[in-house]
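Secondary and tertiary structure notes
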Amino acid sequence: QVQLVESGGGLVQAGGSLRLSCAASRRTFSNYAMGWFRQAPGKEREFVAAISGSGDSTHCADIVKGRFTISRDNAKNTVYLQMNSLKPEDTAVYYCALSIYYGRTTARGYDYWGRGTQVTVSS
């Protein structure tokens, strides 16, 4: 079984930055694509970004493109989400997820999930 643990969330002012981390339990981490999703109260879980197993390919949702960057360090079994120019509408619980295949942008396409980390952006 795969365990994913997110960290790095917190409270930040609009325009500020945060870096989220997701640590995975698998030593075969590099075989799997990873994604970040977020969910605000009363809203559906929303795709944020995805990265291929090797890290060669990435994709960000239009709503965060140019502000967020996904990356990974396979030697550390960790995926990151660098969030810059944060806006109040970015406030949500952010989840890390693992998929066998890269390119999926829906929650159903991911097999394992972390518990999430809260990001709150004040105005």
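This text goes with the structure placed above it.
Bear in mind that the values here come from a model prediction, so they are computed numbers and not experimental data.

1. Concerning the overall build of the protein chain
Assigned secondary structure in the protein chain consists of zero helices and eleven strands. Taken from the N to the C terminus, the helices and strands of the protein chain come in the order β-β-β-β-β-β-β-β-β-β-β. Since a compact globule built from 123 residues should have a radius of gyration of about 14 Å, the 13 Å found for the protein chain is in line with a globular shape. Each principal axis of the C-alpha distribution contributes one length, and for the protein chain these read about 40 × 25 × 25 Å. Relative to its 123 residues, the protein chain shows a buried fraction of 42%.

2. What to know about the pattern of salt bridges
The final tally for this structure, using the stated rule, is four salt bridges. With its nearest N and O atoms 2.9 Å apart, the salt bridge here joins D90 to R38. A residue pair is termed long-range when its members are at least 10 positions apart, and D90 in the loop between β8 (78-83) and β9 (92-99) and R38 in strand β4 (residues 33-39) qualify at 52 residues. Each member of the pair, D90 together with R38, is buried. A single salt-bridge network, built from bridges that share partners, covers R38, E46, R67 and D90.

3. As for the layout of surface pockets
Quantified by volume, the largest pocket comes out at close to 190 Å³. The wall of the largest pocket is formed by 13 residues, among which R38, K43, E46, I63 and E89 lie closest to the centre.

4. Some points on the nonpolar core
The tendency in soluble globular proteins is for nonpolar side chains to be buried side by side. Judged by nonpolar contacts, the single largest core of 33 residues is most densely connected at M34, W36, V79, L81, M83 and Y94. Listed by contribution, the elements that provide at least two residues to this core are β3 (18-24), β4, β5 (46-51), β7 (68-73), β8, β9 and β11 (117-122).

5. Let's talk about the side chain of E6
As for its placement among the helices and strands, E6 is situated in strand β1 (residues 4-7). Within the buried core, E6 has no salt-bridge partner, and the shortest N-O distance to an opposite charge, that of R45, equals 7.5 Å. Of note is the side chain of E6, whose polar atom sits 2.8 Å from the backbone nitrogen of C96. Here the side chain of E6 touches R115 through a polar contact of 3.1 Å, landing on its backbone nitrogen. The residues contacting E6, other than those within four sequence positions of it, are S21, C22, W36, Y94, Y95, C96, G114, R115, G116 and T117.

6. Some points on the environment of L11
The residue L11 is located in strand β2 (residues 10-13) in this model. The exposure class of L11 is exposed, given its relative accessible area of 65%. Expressed as a C-alpha distance, the spacing of L11 and V121, which sit 110 residues apart in the sequence, is 5.9 Å.

7. Observations regarding the state of the cysteines
What makes a disulfide is a covalent bond joining the sulfur atoms belonging to two cysteines. For the structure on display, the rule yields one disulfide. The disulfide partner of C22 is C96, and the S-S distance across this bridge is 2.1 Å. Disulfide C22-C96: torsion about the S-S bond near -80°, hence left-handed. In this pair, C22 is assigned in strand β3 and C96 in strand β9, connecting sequence segments 74 residues apart.

Calculation notes
- Residues numbered from 1 in each chain as written.
- Predicted model: local features only at pLDDT ≥ 70, side-chain atom pairs only at ≥ 80, totals over all residues.
- Heavy atoms only, no water.
- Helix = DSSP H or I, 4+ residues; strand = E, 2+ residues; numbered from the N terminus.
- Rg over C-alpha atoms; globule rule 2.2 N^0.38 Å.
- Buried < 20%, exposed > 50% of the residue type's maximum accessible area, 1.4 Å probe, protein only.
- Salt bridge = Lys/Arg side-chain N within 4 Å of Asp/Glu carboxyl O.
- 1 Å grid on protein atoms, 1.4 Å probe; cavity = no way out; pocket = protein on both sides within 12 Å on 5 of 7 lines; lining within 4 Å.
- Points joined across faces, edges and corners; volume = space filled by probe spheres on them.
- Core = buried A, V, L, I, M, F, W, Y, C linked by side-chain atoms within 4.5 Å.
- Lys, Arg positive; Asp, Glu negative; His and termini not counted.
- Polar contact = N/O pair within 3.5 Å; in protein donor to acceptor, adjacent residues only side chain to side chain.
- Contact = heavy atoms within 4.5 Å.
- Disulfide = S-S within 2.5 Å.

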